[in-house]
Amino acid sequence: MALSVDSVPSIQKVMFHRETSEDKDEEVFGVWRQQRRVSIAKSSDDGSKTKAHAQMSSDRMNRRRSTFKGVANSVHTLLGIRRMSKARVSVSNTEDMKPKVRYENTYKLGPDSGKVASSNKIETAVKSILEQFLGNEKYSPDTCSNLACSLSIMIKNAVKDMDLPRYKIITNVIISQRGAQSMQTASRCLWDTSTDNFSHVTYNNASLCAVVTVHCVYFE
């Protein structure tokens, strides 16, 4: 009996997968690699966080070091200034520690002969100074104040050059504008008429008027 090909029922091919030990090892290795990748990613994140934290800590330490360095420098500068001041004080102390010259008491109650303040000599010296510096001077409220101070110093030095030992010299200079007005000056002193003296000089030009009073008081 013969059968045709068409009448033969189709035989379904069934494929069986046979698991071997190598397949199991490959699956386990794949899982391990996946876990490794996750752990590496986590470790990289943790490492970046650690690096950031370490950088922040380093910045803080650098700021603290710079702050401490600035404080140390300021303290060092203050100590140097203090040492310099101490050195200056020590130098001044050594100068002050020099023996001072002591003079014996002369027991003098009056000036020596020929060393008495003379009003005529003082007036002559004052007039020459006023004529020299006020001859062509014009009154100005801005400059006359300083001019009065300068004249007072010059007159005092001129009287000191007259060699009057133990005399205290006081000079008063008044400069005013010359016009139709009048001006009066007065002074009163409590002193010894045998040793103390004063001089009074008035000088005028076309613009101003100057009044100078010099007191010479003997100091026992």
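Notes on the structure in this doc start here. The model shown is predicted, which means the values in this text are computed figures rather than measured ones.

1. Things to note about the pairing of strand S3 (residues 208-218)
Move 1: The element S3 is extensively covered by neighbouring structure, given that 10 of its 11 residues are classed as buried.
Move 2: Sheet analysis places strand S1 (residues 167-177) next to S3, joined by 11 bridges and oriented antiparallel. Following the sheet pairing, Gln177 is matched in S3 by Leu208.
Move 3: Alignment of strand S2 (residues 197-204) against S3, held across 8 bridges, turns out to be antiparallel.

2. So, the sheet that holds S3
Move 1: Strand order in the open sheet formed by 3 strands is S1-S3-S2, with antiparallel pairing between adjacent strands. Single-partner strands in this sheet number two, and they are S1 and S2. Neighbour to neighbour, the strand axes of the sheet diverge by 10° on average, direction disregarded.
Move 2: Running at roughly 25° to S2, helix H2 (residues 119-134) makes contact with S2 and S3 of the sheet.
Move 3: The sheet strands contacting helix H3 (residues 144-160) are S1 and S3, and the helix crosses S1 at an angle near 150°.

What counts, and where the lines are drawn
Residues numbered from 1 in each chain as written. Predicted model: local features only at pLDDT ≥ 70, side-chain atom pairs only at ≥ 80, totals over all residues. Heavy atoms only, no water. Buried < 20%, exposed > 50% of the residue type's maximum accessible area, 1.4 Å probe, protein only. Helix = DSSP H or I, 4+ residues; strand = E, 2+ residues; numbered from the N terminus. Pairing = 2+ DSSP bridges. Axes fitted to C-alpha atoms, helices over the stretch in contact; angles between N-to-C directions. Contact = heavy atoms within 4.5 Å.

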